[in-house]
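Topology and contacts: notes
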Amino acid sequence: MFPGRYNPRRYMCLGWYALSLMPLLNKIQHKELITESENEPNTESSREIDTYPKQVWYADDSASGGKLDRIKKWWTDLNHHGPLYGYFPKPSKTWLIVKPEHIAKAKELFPDVQITTEGHRYLGSYIGPDKGVEKFILKETESWKADIKGLVEIAANDPQLAYAAFTYGTSKRWSFVCRTTPGIENYLHHLEYCIKEDFIPAIMGKKFVPDHIRNIASLPARMGGLCIQNCTTTAGVEYSNSVEATKQLTDAIFQQLTTFRPNEEKQLEAINTVKDRKEELFKLQREAIVNGSPPTTKRQLELISEKGASIWLTTLPLKACGFVLNKQEFFDAISLRYKITLSTQNY
């Protein structure tokens, strides 16, 4: 369950909200004290049991998960104490995700909130069954494809700008979803088709690109690629890496800790593990490309993988610094990089 709350300045004040709402979070995260002697007469110790569902906050976005009775108690306390701390939950913008067999009880306990059994979007990702996830990804894919189509139009006049916008901006939209939503690789084929058939040819000044060029383009620039990953093959890896990198934070949320001090040594170890895993994946991918290509392609990859050979490609096109390539210069540079016929669109 995640309540909605209206605030037009929320994205400007995330840090301040996080700090100012800590008293409220502590207030509604109380526990009940029981004695062990109730069940074991020979013991005199006591222990705390959590009567609340698991809750998590991201700035002023709150959410909880657990049994309906406990969520009801949490929701009641949130509405009671929230206004005292400047937090006003809005039932009309609050969504409760339940299993089909619990829908009747949910409607009885939460008559004012939105209730669904198909899942719902949350913080840019999705919570719910596979059917709902598929619907969400396909809808997002249409939005991403529209963005790519826009970059294709830009590439007709400024391919360097379109490429920079894709690698440093647009592609991050589905990268985030891949890192936060498991099992979506089979739903991304339409997106990959749009990238291969529309975007890559547009920044190369071509009508189409062969499969081996698409495979090379998926490599990092330092390995001779274009940093345009194939999301259908990397989505699962991205999610696994995200789980590895955020394990300490996930454990803190599961334990319902109100303060979080990560173990820097463990975090560094997790980051290195993720880097090593990605590096190994890229090496295997590059090796597969080399093994399936003629010797000239292998030599070409070796040359464009040398240190500094791809700086012109990964540098932002800043006009003030003289880093801008015009349309024909960028087309020619890409063509020479991969030994393909020079584009004659401007000739």
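Helix and strand counts for the protein chain come out as 14 helices and nine strands. Burial status across the protein chain gives 39% buried among its 347 residues. Of the contacts formed within the protein chain by residues at least 6 apart in sequence, a portion of 60% connects residues at least 24 apart. Accessible surface for the protein chain amounts to roughly 20300 Å². Of this, 55% is attributable to carbon and sulfur atoms.

With respect to the secondary-structure elements, Ser 171 resides in helix H6 (residues 159-180). The exposure class of Ser 171 is buried, given its relative accessible area of 10%. Note: C-alpha distance between Ser 171 and Asp 147 (24 residues apart in sequence) is 9.7 Å.

Below, the discussion takes up the pattern of salt bridges. The final tally for this structure, using the stated rule, is 12 salt bridges. Across the salt bridge formed by Glu 197 and Lys 196, the nearest N and O atoms sit 3.2 Å from each other. The partly exposed category is assigned to Glu 197, whose relative accessible area is 28%.

Once that is clear, we can look at the layout of surface pockets. Estimated volume of the largest pocket: approximately 1800 Å³. Every residue lining the largest pocket is counted, 50 residues in all, and those nearest its centre are Val 56, Ala 63, Tyr 122, Leu 123 and Ile 253. Estimated volume of the second largest pocket: approximately 530 Å³. Lys 172, Cys 227, Ile 228, Gln 229 and Phe 282 are the residues nearest the centre of the second largest pocket, which is lined by 25 residues in total. Among the elements of the structure, H6, helix H9 (231-245) and helix H11 (264-291) are those that each provide at least two residues to the lining of the second largest pocket. Here the lining of the second largest pocket gets 10 residues from one element, more than from any other, and that element is H6. In terms of residue class, the lining of the second largest pocket is made up of 13 nonpolar, seven polar and five charged.

Attention shifts here to the environment of Thr 258. As for its placement among the helices and strands, Thr 258 is situated in the loop between helix H10 (247-254) and H11. Aside from chain neighbours lying at most four places away, what touches Thr 258 is Met 22, Leu 25, Asn 26 and Gln 29.

Before going further, it helps to spend a moment on the confidence of the model for the protein chain. With 88% of its residues at a pLDDT of 70 or more, the protein chain shows a mean pLDDT of 88. Throughout residues 32-49 the model reports pLDDT below 50, and contacts reaching past four residues in sequence, or to other chains, amount to 21 contacts.

Below, the discussion takes up the packing of helix H5 (residues 130-155) against H6. Two elements in contact, H5 and H6, have axes whose closest approach is 9 Å; the angle formed by their N-to-C orientations is 170°. Between H5 and H6, the angle is such that the two are roughly antiparallel. Contact with H5, carried on its side by Phe 136, Ile 137, Ser 143, Trp 144, Asp 147, Ile 148, Leu 151, Ile 154 and Ala 155, involves Pro 159, Leu 161, Ala 162, Ala 165, Phe 166, Thr 170, Arg 173, Trp 174 and Val 177 of H6 and no other residues of that element. The residue makeup of the contact of H5 with H6, split by class, is 14 nonpolar, two polar and two charged.

Turning next to the nonpolar core. Of all hydrophobic cores here, the largest spans 45 residues; its most connected members are Ile 184, Leu 188, Phe 199, Ile 203, Met 204, Leu 226 and Ile 228. Breaking this core down by element, the ones donating at least two residues are H5, H6, helix H7 (189-204), helix H8 (211-217), H9, H11, helix H12 (295-304) and helix H14 (327-337). In terms of residue count, H7 provides more of this core than any other element does, eight residues in total. Excluding residues that lie within four positions of it along the chain, Ile 184 makes contacts with Val 133, Ile 137, Val 177, Cys 178 and Ala 235.

What the rule picks out here adds up to seven aromatic pairs. Summarising the aromatic geometry, the rings of Phe 166 and Trp 174 are spaced 5.7 Å apart at their centres and angled 55° between planes, so their arrangement reads as tilted. Classification of Trp 174 by relative accessible area gives buried; the value is 4%. An aromatic cluster is built from Trp 144, Phe 166, Trp 174 and Phe 199, whose rings are joined through pairwise contacts. Of note, Lys 54 hangs over the ring of Phe 254, and the distance from its end group to the ring centre comes to 4.7 Å. We note Lys 72 situated over the ring of Phe 110; from NZ or CZ to the ring centre the distance is 5.5 Å.

Conventions used here
Residues numbered from 1 in each chain as written. Predicted model: local features only at pLDDT ≥ 70, side-chain atom pairs only at ≥ 80, totals over all residues. Heavy atoms only, no water. Helix = DSSP H or I, 4+ residues; strand = E, 2+ residues; numbered from the N terminus. Buried < 20%, exposed > 50% of the residue type's maximum accessible area, 1.4 Å probe, protein only. Contact = heavy atoms within 4.5 Å. Areas by Shrake-Rupley, 256 points an atom, 1.4 Å probe, with all protein chains shown as cover. Salt bridge = Lys/Arg side-chain N within 4 Å of Asp/Glu carboxyl O. 1 Å grid on protein atoms, 1.4 Å probe; cavity = no way out; pocket = protein on both sides within 12 Å on 5 of 7 lines; lining within 4 Å. Points joined across faces, edges and corners; volume = space filled by probe spheres on them. Nonpolar A, V, L, I, M, F, W, Y, C, P; charged D, E, K, R; others polar. pLDDT = per-residue confidence, 0-100. Axes fitted to C-alpha atoms, helices over the stretch in contact; angles between N-to-C directions. Parallel < 35°, antiparallel > 145°, perpendicular 65-115°, else oblique. Core = buried A, V, L, I, M, F, W, Y, C linked by side-chain atoms within 4.5 Å. Phe/Tyr/Trp six-rings, centres within 6.5 Å; stacked < 30°, edge-to-face > 60°. Lys NZ or Arg CZ within 6 Å of the ring centre and 35° of its normal.

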